[in-house]
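Descriptive structure summary
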Amino acid sequence: MENFLEAGLKKQNISLPDLCTACNKDYLFSHRASFGKRGNQAAVLMLR
């Protein structure tokens with residue numbers, strides 16, 4: 001979060017999910033949980 005704050009974003013405009021990819025491998029791809037098999041992930045950023 002520090003990088004976002006240093007870049008000038010307000011704390012109330014930052015949302016960080018508390019999701020572990022290795023712990024939620026049925027929901028998210030995890031390189032660690034798949035023991036190095038390739039997968040795809042994407043991130044979305046929306047500016048208003």
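Heads up: the structure comes first, above all this text.
These lines cover the structure that appears in this document, whether it is placed above or below. These numbers were taken from a predicted model, which means no experiment stands behind them.

In this section: the layout of surface pockets. Reported here for the largest pocket is a volume of approximately 750 Å³. Looking at the lining of the largest pocket residue by residue, the class counts come to 13 nonpolar, four polar and two charged.

Our next topic: the side chain of Ser30. Tracing the sequence through the fold places Ser30 in the segment after helix 1 (2-6). A distance of 3.3 Å separates a polar side-chain atom of Ser30 from the backbone nitrogen of Arg32. Non-local contacts of Ser30, meaning those with residues more than four positions away in its chain, are made with Thr21 and Ala22.

Cut-off values and rules
- Residues numbered from 1 in each chain as written.
- Predicted model: local features only at pLDDT ≥ 70, side-chain atom pairs only at ≥ 80, totals over all residues.
- Heavy atoms only, no water.
- 1 Å grid on protein atoms, 1.4 Å probe; cavity = no way out; pocket = protein on both sides within 12 Å on 5 of 7 lines; lining within 4 Å.
- Points joined across faces, edges and corners; volume = space filled by probe spheres on them.
- Nonpolar A, V, L, I, M, F, W, Y, C, P; charged D, E, K, R; others polar.
- Helix = DSSP H or I, 4+ residues; strand = E, 2+ residues; numbered from the N terminus.
- Polar contact = N/O pair within 3.5 Å; in protein donor to acceptor, adjacent residues only side chain to side chain.
- Contact = heavy atoms within 4.5 Å.

Everything listed here is a matter of coordinates, which is why it stays silent on function.
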